[in-house]
Amino acid sequence: MTQQPKIYVAGHGGMVGSAIVRTLQQQGQTNIVTRTHAELDLTNQAAVQAFFEEEKPDQVYLAAAKVGGIHANNTYPAEFIYQNLMMEANIIHSAWRIGVQKLLFLGSSCIYPKLAPQPMREDALLTGTLEPTNEPYAIAKIAGIKLCESYNRQYGQSHGVDYRSVMPTNLYGPGDNYHPENSHVIPALIRRFHEAKVSKAPTVTIWGTGTPRREFLYVDDMAAASVHVMNLDPAIYGAHTQPMQSHINVGYGEDITIAQLAQAVSQAVGYQGNIDFDTTKPDGSPRKLMDSSRLNALGWQAKVALEQGLTQAYQDFLQH
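Residues numbered from 1 in each chain as written. Predicted model: local features only at pLDDT ≥ 70, side-chain atom pairs only at ≥ 80, totals over all residues. Heavy atoms only, no water.

1. Details of the overall build of the protein chain
Here's step 1: Scanning the protein chain from N- to C-terminus turns up 11 helices and 13 strands.
Here's step 2: Since a compact globule built from 320 residues should have a radius of gyration of about 20 Å, the 20 Å found for the protein chain is in line with a globular shape.
Here's step 3: Along the first, second and third principal axes, the C-alpha set of the protein chain runs to 65 × 40 × 40 Å.
Here's step 4: Within the protein chain, the proportion of its 320 residues that are buried is 50%.
Here's step 5: By sequence separation, contacts in the protein chain at least 24 residues apart represent 81% of the contacts at least 6 residues apart.
Here's step 6: Of the accessible surface of the protein chain, which amounts to about 14,900 Å², a share of 51% is contributed by carbon and sulfur atoms. (Helix = DSSP H or I, 4+ residues; strand = E, 2+ residues; numbered from the N terminus. Rg over C-alpha atoms; globule rule 2.2 N^0.38 Å. Buried < 20%, exposed > 50% of the residue type's maximum accessible area, 1.4 Å probe, protein only. Contact = heavy atoms within 4.5 Å. Areas by Shrake-Rupley, 256 points an atom, 1.4 Å probe, with all protein chains shown as cover.)

Right, here's the structure in full:
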């Protein structure tokens, strides 16, 4: 009977972190360490160091982040860059200090240039200007990737350090944020169609033309991909990545238009009215699709189709 690794999931209260905890538990892992924000402020270096010295985890999933939509990113740029930089620097450095060899950092698709060729490949990183609205957040996430790579390059051979990064596309599912202003597109649509259904509103109006294309991944698929990448044999991981381009995209593999998404959400919610588009409102970038062929070559594929995922997300919304 081999002893289970002690696994610290940073950000277990969030949508992705809670899905990682679910996935690990489903795989029989019982030695999982978590801390709420009230118990541990990840931006406090001394507190993070003390936590690592006390718990001494074997593996770390770094899913903690300050996140939000365009409105939040635009309103609080200083908080977004400062808090995300501090959290990842504190966790990665403290993990290295106490001898953690396996760590997985979760980034975001916004690391890629605004005008990156579609679908976006890993080698598009640092080839152009970022989307201005979430540049501070993106810069922090790029720094997280480079922290992992830098510790690998300096301490990989001497300390056995193997820190990896995954970049998810747009995520949705249980534990999402349904806030009227600060939520992402799927939870915002679920809320609006639900409220329209309850109030019997004849029409729901969506911002923009409905033509931009977006890719969406169910959060439990993301968690399964994270655990898959964490547990890949180092030789296999190394063969599919490079020391200074080691991050891996995690996507569903297909995208749909915002109009198609609105239709799918209205069906999942059971809204019977009409959908209109306010074409005076901005569209955002025309397309954002990840190239996930590197991850597919490493033996992982998304499982949850959008219709099934939206139904489960709506059930979660109704419960909360």
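2. With respect to unusual backbone geometry
Here's step 1: Backbone torsion omega between glutamine 118 and proline 119 reads -10°, so that peptide bond is classified as cis.
Here's step 2: Positionally, proline 119 belongs in the loop between β4 (102–106) and α5 (135–159).
Here's step 3: Positive phi, close to 45°, is recorded for lysine 56, a residue that is not glycine.
Here's step 4: Along the chain, the position of lysine 56 falls in the loop between α2 (45–55) and β3 (59–62).

3. Re the pattern of salt bridges
Here's step 1: Counted under the stated rule, the structure contains 13 salt bridges.
Here's step 2: Arginine 35 is the salt-bridge partner of glutamate 55, the closest N and O atoms lying 2.7 Å from each other. Placement of glutamate 55 in helix α2 and of arginine 35 in the loop between β2 (32–33) and α2 is noted, with a sequence separation of 20 residues between them.
Here's step 3: Judged by its relative accessible area of 15%, glutamate 55 is buried.
Here's step 4: For arginine 35, a relative accessible area of 24% translates into the label partly exposed.
Here's step 5: The salt bridge partner of arginine 213 is aspartate 255, with a shortest N-O separation of 3.2 Å. Note that arginine 213 is positioned in strand β8 (residues 213–214) and aspartate 255 in the loop between β10 (248–250) and β11 (256–257), a separation of 42 residues in sequence.
Here's step 6: Given a relative accessible area of 9%, aspartate 255 falls into the buried group. (Salt bridge = Lys/Arg side-chain N within 4 Å of Asp/Glu carboxyl O.)

4. Considerations on the environment of tyrosine 218
Here's step 1: Inspection of the secondary structure assignment puts tyrosine 218 in strand β9 (residues 216–218).
Here's step 2: Setting aside residues up to four positions removed in sequence, tyrosine 218 forms contacts with Tyr172, Gly173, Pro174, Val304, Gly309 and Gln312.
Here's step 3: Reaching out from tyrosine 218, the side chain makes a polar contact with the side chain of glutamine 312 at a distance of 2.8 Å. (Polar contact = N/O pair within 3.5 Å; in protein donor to acceptor, adjacent residues only side chain to side chain.)

5. Topic: the pairing of strand β7 (residues 203–207)
Here's step 1: Side chains of β7 alternate between two faces, with Val204 and Ile206 buried and Thr203, Thr205 and Trp207 left unburied.
Here's step 2: Taken together, the five bridges between β7 and strand β12 (residues 274–278) define a ladder with parallel strand orientation. Bridging across to β12, isoleucine 206 finds its partner in phenylalanine 277. (Pairing = 2+ DSSP bridges.)

6. Considerations on the packing of helix α4 (residues 77–97) against α5
Here's step 1: Running from N to C, α4 and α5 cross one another at 15°; their axes reach a closest spacing of 8 Å. One way to sum up the angle between α4 and α5 is to call them roughly parallel. Like other packed secondary-structure pairs, α4 and α5 cross with a definite hand, here right-handed. On α5, the residues that touch Pro77, Phe80, Ile81, Asn84, Leu85, Glu88, Ala89, Ile92, His93 and Trp96 of α4 are Pro136, Tyr137, Ile139, Ala140, Lys141, Ala143, Gly144, Leu147, Cys148, Tyr151, Tyr155 and His159.
Here's step 2: Here the contact of α4 with α5 is composed, by residue class, of 16 nonpolar, four polar and two charged. (Axes fitted to C-alpha atoms, helices over the stretch in contact; angles between N-to-C directions. Parallel < 35°, antiparallel > 145°, perpendicular 65-115°, else oblique. Left-handed = near helix turned anticlockwise from the far one by under 90°. Nonpolar A, V, L, I, M, F, W, Y, C, P; charged D, E, K, R; others polar.)

7. Focus on helix α7 (residues 219–230)
Here's step 1: For α7, spanning 12 residues, the distance from its first C-alpha to its last is 17 Å, which sits close to the expected 16 Å at 1.5 Å a residue.
Here's step 2: What α7 keeps buried is the set Val219, Asp220, Asp221, Met222, Ala223, Ala225, Ser226, Val227, Val229 and Met230. (Expected span 1.5 Å × (residues − 1).)

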